[in-house]
Amino acid sequence: MSEQLNLNPITYLTWHWMKINNDTIQVNPSFSENSGKEEKLPQGVRLSKGKTIETELPEPQYSIGSEAANLISESAKEGKIYTIKGTLKEPLIIRLESKDGCNECCQQIIHALPDSKGEVIIISSSEENAGGMTSLLTKFYLEENAQIQVSKVQFLSSAMNQIDETAASLGADSKMNFVSVELGGSHIDQGFHASLIGNRSDFKSHMGYLCRNDQYLDTNQTVVHKGKKTTCNMFTDGTIKDKSTKVYRGTIDMVQGCSGSVGNEMENTLNLSPNAVEKSAPIILCGEDDISAEHGSTIGKLSKDILFYFQSHGIDQALAEELLSKAKIQAAADKIGSEEIRQEIKNYLAGIYGSEE
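Residues numbered from 1 in each chain as written. Predicted model: local features only at pLDDT ≥ 70, side-chain atom pairs only at ≥ 80, totals over all residues. Heavy atoms only, no water.

**Student:** Help me understand the nonpolar core, please; the structure alone is not making it clear to me.
**Tutor:** Nonpolar side chains in soluble globular proteins generally cluster together in the buried interior. Grouped together as the largest cluster of nonpolar side chains are 33 residues, with contacts concentrated most on Phe-140, Leu-142, Ile-148, Met-176, Phe-203 and Val-223. Apart from residues lying up to four places away in sequence, Phe-140 is in contact with Pro-60, Ile-110, Ile-148, Val-150, Thr-166, Ala-167, Ala-168, Ser-169 and Met-176. Within the second largest apolar cluster, 17 residues are counted, among which are Phe-155, Leu-210, Ile-329 and Ala-332. (Core = buried A, V, L, I, M, F, W, Y, C linked by side-chain atoms within 4.5 Å. Buried < 20%, exposed > 50% of the residue type's maximum accessible area, 1.4 Å probe, protein only. Contact = heavy atoms within 4.5 Å.)

**Student:** So what exactly am I meant to see when it comes to the packing of helix α2 (residues 304–312) against helix α3 (residues 317–333) here?
**Tutor:** Orientation of α2 relative to α3, taken along the N-to-C sense of each, is 105 degrees, at an axis distance of 10 Å. On the basis of the axis angle, α2 is roughly perpendicular to α3. Residues Ile-306, Leu-307, Phe-310 and Gln-311 of α2 lie in contact with α3, whose contacting residues are Gln-317, Ala-320, Leu-323 and Leu-324. Its residues assigned to classes, the contact of α2 with α3 shows 6 nonpolar, 2 polar and no charged. (Axes fitted to C-alpha atoms, helices over the stretch in contact; angles between N-to-C directions. Helix = DSSP H or I, 4+ residues; strand = E, 2+ residues; numbered from the N terminus. Parallel < 35°, antiparallel > 145°, perpendicular 65-115°, else oblique. Nonpolar A, V, L, I, M, F, W, Y, C, P; charged D, E, K, R; others polar.)

**Student:** Help me understand the packing of aromatic side chains, please; the structure alone is not making it clear to me.
**Tutor:** The way to describe two aromatic rings as a pair is by their centre distance and the angle between their planes. Counted under the stated rule, the structure contains 4 aromatic pairs. Arranged with centres 5.5 Å apart and planes meeting at 75 degrees, the rings of Phe-178 and Phe-192 form a pair that is edge-to-face. Of the two residues, Phe-178 sits in strand β13 (residues 175–182) while Phe-192 sits in strand β14 (residues 187–196), which places them 14 residues apart along the sequence. We note that Phe-178, like Phe-192, is buried. Aromatic pair Tyr-309 and Phe-310: ring centres 6.0 Å apart, planes at 75 degrees, arrangement edge-to-face. An aromatic cluster of three or more residues is present, and its members are Phe-178, Phe-192 and Phe-203. (Phe/Tyr/Trp six-rings, centres within 6.5 Å; stacked < 30°, edge-to-face > 60°.)

**Student:** Before we go on, may I ask you to explain the layout of surface pockets in this structure?
**Tutor:** Gaps left between atoms are located by rolling a probe of water-molecule size over the structure's atoms. Size it by volume and the largest pocket reaches roughly 250 Å³. For the lining of the largest pocket, the secondary-structure elements that each account for two or more residues are β16 (216–225) and β18 (245–254). With 3 residues, the top contributor of residues to the lining of the largest pocket is β16. Grouping the constituent residues of the lining of the largest pocket by class yields 4 nonpolar, 9 polar and 1 charged. Taken as a whole, the second largest pocket holds about 180 Å³ of empty space. Contributing to the lining of the second largest pocket are Asn-268, Thr-269, Leu-270, Thr-298, Gly-300, Lys-301, Leu-302, Ser-303, Ile-306, Leu-324, Ala-327 and Lys-328. Those elements that place two or more of their residues in the lining of the second largest pocket are β19 (261–271), β21 (291–300) and α3. (1 Å grid on protein atoms, 1.4 Å probe; cavity = no way out; pocket = protein on both sides within 12 Å on 5 of 7 lines; lining within 4 Å. Points joined across faces, edges and corners; volume = space filled by probe spheres on them.)

**Student:** Explain the pairing of strand β15 (residues 202–211) to me, please; I cannot follow it from the model alone.
**Tutor:** Regular strands place their side chains on alternate faces of the sheet. In terms of residue burial, β15 counts as a mostly covered element, since 9 of its 10 residues are buried. When β13 meets β15, the two strands line up parallel, connected through 8 bridges. In the strand pairing of β15, Met-176 is matched with Phe-203. Note: β15 against strand β17 (residues 231–240), 10 bridges, orientation parallel. Looking across to β17, one finds that Cys-211 is bridged to Ile-240. (Pairing = 2+ DSSP bridges.)

**Student:** In this structure, what is going on with the sheet that holds β21? I would like to understand it.
**Tutor:** Pairing between the strands of a sheet comes from backbone hydrogen bonds, and it takes one of two forms, parallel or antiparallel. Read across the open sheet, the 9 strands follow the order β4-β7-β9-β11-β13-β15-β17-β19-β21; overall the sheet is mixed. At either margin of the open sheet sits one strand with a lone partner, and together these are β4 (37–38) and β21. Taken together, the 2 bridges between β4 and strand β7 (residues 92–98) define a ladder with antiparallel strand orientation. Within β7, the residue paired with Glu-38 across the bridge is Ile-94. Sheet contacts for α3: β13, β15, β17 and β19; angle to β15, the most-contacted strand, approximately 150 degrees.

Structure, rendered in structure tokens:
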């Protein structure tokens, strides 16, 4: 039995004919739970079961929408809670491996206690040629002065669909750096929602992606500034080719009371095919006067000047496109603190392009 699920709603509706207000998919709501496996628990991380924690921080909001988030949360019978205390000397690496025919969900909570520091890496992958649906809801609570690096890497096979949400509440003086690398899958709904609750909290994101064949990547990224002197920098950079489609929604919301806050967002898309589609909606909402916010979006193909430069160095157009597409992914991957994961990304790209790294 399948049901229609609305995902990634835009903050404010625009013309319906643009088909960017939200994404709609058919899902089987009978998810089974796949909670993933930890490579190992670093010292300073405590693992427990559950779907709620004790904190004065508000519940994170969801970019994918409450309907989808509630479905995933309710379907995850147990859930996992990772509590970080102190400074981690190595990253917490969590792997979610999906099998053919799956229809599964996972809910995770990462609770960073005051003054804690660490890195969390979450890998989504699947069996070769596997098809199915996997959904992932990851919630972060960063208490005062916590500093967390988060990386999500998606290696799914070309027949897999995924819903992937990252939702965060940041306390005073906390910092969250979020890296996302999207490489595989068939129809992917991905997004994050960060609420900068505490004064001087800071959020940075860097997303790298490659859309090829007939892949559909639908993203919704939102940062809400509530505390004073909060900052955010959102950067999305990738390539679309063949008959793929990429949808970008990026919102910076400066609510009343967030005086002294600064927000920036930028999206760059390299389009390598006349049949590829890019839809972009960068948004800034201002409810406070004493703020600074900027946004931008660029979509284009390789210019004649760039092609001439490469060709003058003996590099033809096909290789130039490959090198630039890889560079966009590598710029995001270089921010990941695990050499093992960075090498996996290189190997995956080598498999796509049929060349050695």
